[in-house]
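Structural overview for review
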Amino acid sequence: MSKRRSIHLLMISSAGNLLCNALGGSSSSTRCFVQAFHLTLARRITSNQRLFATKPYVSPKGYGPVPLRSDAPTHLDGVEDAVDAALMYFQSQSSENNPLYAHDTITTFPAADRETIGVASKLRTRLDSFARNKDCRRCWLQKRHCVCGACPPLEGDTATTSCGGTDNVNRLFLLTHHKEICMVVDTAKIILSSFPNTTRLVVNGIRSEFQPSMREMLDVYNDALSGRSKCLILFPTDDAKTFDDIENEIIGSSVAVDGSRQNGWDVIVIDGTWQQARKMHSKYFPDASNAGLHRVQLSSNVVELLGGDDGEIKGHQLRRHPTKWREISTHEATRLLLKDMHPGGQFDEQSAAMSQYQEILNAAARRQLGPPREKEGSKGQA
């Protein structure tokens, strides 16, 4: 965004202030709509000012720019834009006699709209609380526990650079359940901050009209179904195969793809609890795998290691699960998949850094959350 555009936004913001004052006697829905627009615009200006105030510093390891300030623009800005766009739109569909959150008004909207309204409303409340606490927008921890300085980006500062400078990944979509946004123990945020140019954060429940990343992900999915591109969905369905098996199957086959992306894969990772992930997979990806669309799973030796207590695998999340391998974090599963996709060792350095990042994040999350609570049944037991 240019400085000239920033000046234009400031001028529009000033006009918005005057309009808000002039609408003092107007209907409540009109005032809410204008105020919501004004708040969104103000946040865009603030984000723009942060962008110009942040001078990139190149990491000694060559991983790319490290923000000098933790409040630099992040994927969370895109979430806020989608939330506000949805709420502003539906607010404009209501009236003073039928406000947006009245029961009779909500029931008049289709089911998909009701879901978007509910998700956007919950996220708006959570994001407001997050802002009041002044938590870090990049690692989602309290400022005193922020780990951004120890976890710099792992790719260059160009939108065309793929994960870690390798050529096998075009875009990495993180389809995230809305309850994971701003969660202290969520690990997908490390992927977002490690690969800020390659990754796309997609929030479940907010329609594509309000969320460009959702529209981009669904376009990728449909292109893969049509055989115009190659897409991997990391999810252990019955027909899921390892990356090696998928590569071996398509050797010699001709899949017509866009010339700019013909050598790489688009990857979709689902972030949430196992129950949430199953529902999101069924909702957004109902079609069977084909020549361009593949469900991928981790290699068998990795799954065996995850099923035990082997010290080599350190990517278990802080949340526990009765099935040991299902404690694997979104971050660790993604790291292991990216490593499988680069058997020649091109990703080894970035993989080691990602593994270290999760240990750093887990330690910081434990400090912020404190010791785990004892279960009622375990109190007083030897």
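Up top you'll find the structure we're talking about.
To start, this report covers the structure provided alongside it. (Residues numbered from 1 in each chain as written. Predicted model: local features only at pLDDT ≥ 70, side-chain atom pairs only at ≥ 80, totals over all residues. Heavy atoms only, no water.)

Quick look at the overall build of the protein now. When you go through the protein residue by residue, the secondary structure sums to 12 helices and 8 strands. Sequence-distant contacts, at least 24 apart, represent 72% of the contacts inside the protein between residues at least 6 apart. Accessible surface, the protein: about 19,200 Å² in total, of which carbon and sulfur atoms supply 52%. (Helix = DSSP H or I, 4+ residues; strand = E, 2+ residues; numbered from the N terminus. Contact = heavy atoms within 4.5 Å. Areas by Shrake-Rupley, 256 points an atom, 1.4 Å probe, with all protein chains shown as cover.)

What follows deals with the environment of leucine 338. By the secondary structure assignment, leucine 338 is in helix 11 (residues 330–340). For the pair leucine 338 and valine 169, spaced 169 residues apart in the sequence, the C-alpha separation amounts to 8.3 Å. Aside from chain neighbours lying at most four places away, what touches leucine 338 is Cys163, Val169, Phe195 and Phe347.

How two aromatic rings sit relative to each other is set out by the distance from centre to centre and by the angle between their planes. A full pass over the atoms with the stated rule returns 8 aromatic pairs. Ring centres of tyrosine 89 and phenylalanine 90 lie 5.1 Å apart, and the angle between their planes is 75°; this geometry places the pair in the edge-to-face category. Classification of tyrosine 89 as partly exposed rests on a relative accessible area of 36%. A relative accessible area of 1% places phenylalanine 90 in the buried class. Measuring from ring centre to ring centre gives 5.5 Å for tyrosine 89 and phenylalanine 210, while their planes differ by 45°; the resulting arrangement is tilted. Taken together, the positions of tyrosine 89 in helix 3 (residues 75–92) and phenylalanine 210 in the loop between strand 4 (199–203) and helix 7 (212–225) put the pair 121 residues apart, joining distant regions of the chain. (Phe/Tyr/Trp six-rings, centres within 6.5 Å; stacked < 30°, edge-to-face > 60°. Buried < 20%, exposed > 50% of the residue type's maximum accessible area, 1.4 Å probe, protein only.)

This brings us to helix 12 (residues 348–369). Its 22 residues place the ends of helix 12 32 Å apart at the C-alpha level, agreeing with the 32 Å of an ideal helix rising 1.5 Å per residue. Regarding helix 12, the residues found buried are Gln350, Ser351, Ala353, Met354, Ser355, Tyr357, Gln358, Leu361, Asn362, Ala364, Ala365 and Gln368. Of the surrounding secondary structure, the elements contacted by the buried residues of helix 12 are helix 6 (188–194) and helix 11. Directly after helix 12, the chain includes glycine 370, whose backbone phi takes a positive value near 85°. (Expected span 1.5 Å × (residues − 1).)

On to the pattern of salt bridges. Tallied over the entire structure, the rule returns 14 salt bridges. In this structure, arginine 171 and glutamate 216 form a salt bridge, with 3.0 Å as the shortest nitrogen-oxygen distance. Of this pair, arginine 171 sits in strand 3 (residues 169–176) while glutamate 216 sits in helix 7; the two residues are 45 residues apart in sequence, bridging distant segments of the chain. (Salt bridge = Lys/Arg side-chain N within 4 Å of Asp/Glu carboxyl O.)

Take the sheet that holds strand 6 (residues 241–242) next. Pairing in this open sheet of 6 strands is parallel, and the strands run 4-3-7-5-8-6 from one edge to the other. Two strands lie at the open edges of the sheet, namely strand 4 and strand 6, each paired on one side alone. Examined bridge by bridge, strand 6 and strand 8 (residues 293–297) share 2 bridges and lie parallel to one another. Bridging from a neighbouring strand, lysine 241 pairs with valine 296 of strand 8. Most of the contacts of helix 11 go to strand 7 (residues 265–271), to which it runs at about 160°, and overall it touches strand 3, strand 5 (231–234), strand 7 and strand 8. (Pairing = 2+ DSSP bridges. Axes fitted to C-alpha atoms, helices over the stretch in contact; angles between N-to-C directions.)

This part takes up the nonpolar core. Val267 and Met341 are the most contacted members of the largest nonpolar core, which has 62 residues in total. No other element matches the 7 residues that helix 3 contributes to this core. When neighbours within four sequence positions are excluded, methionine 341 is seen to be in contact with Asn168, Val169, Leu232, Phe243, Trp265 and Val267. Residues Phe235, Ile268, Ile270 and Met280 belong to the second largest nonpolar core, which totals 18 residues. (Core = buried A, V, L, I, M, F, W, Y, C linked by side-chain atoms within 4.5 Å.)

What follows covers the pairing of strand 5. Residues Cys231 and Ile233 line one face of strand 5 and the alternating positions Leu232 and Leu234 line the opposite face, and both faces are buried. Bridge analysis of strand 5 against strand 7 gives 4 bridges, and the strand direction is parallel. Within strand 7, the position partnered with leucine 232 by the bridge is valine 267. Both strand 5 and strand 8 contribute to a ladder of 4 bridges, which runs parallel.

Within strand 4, 5 of the 5 residues are buried, which leaves the element mostly enclosed by the surrounding structure. Neither face of strand 4 is exposed, since Thr199, Leu201 and Val203 on one face and Arg200 and Val202 on the opposite face are all buried. Alignment of strand 3 against strand 4, held across 5 bridges, turns out to be parallel. Looking at strand 4, one finds that phenylalanine 173 is bridged to arginine 200.

We now examine the side chain of serine 213. Take serine 213: it is sitting in helix 7. Judged by relative accessible area, serine 213 falls into the buried class, the value being 13%. Look past the residues within four positions of serine 213 in its chain and what remains in contact with it is Phe173, Arg200, Leu201 and Val202.

Such coordinate-based values are descriptive only and should not be taken to indicate function.
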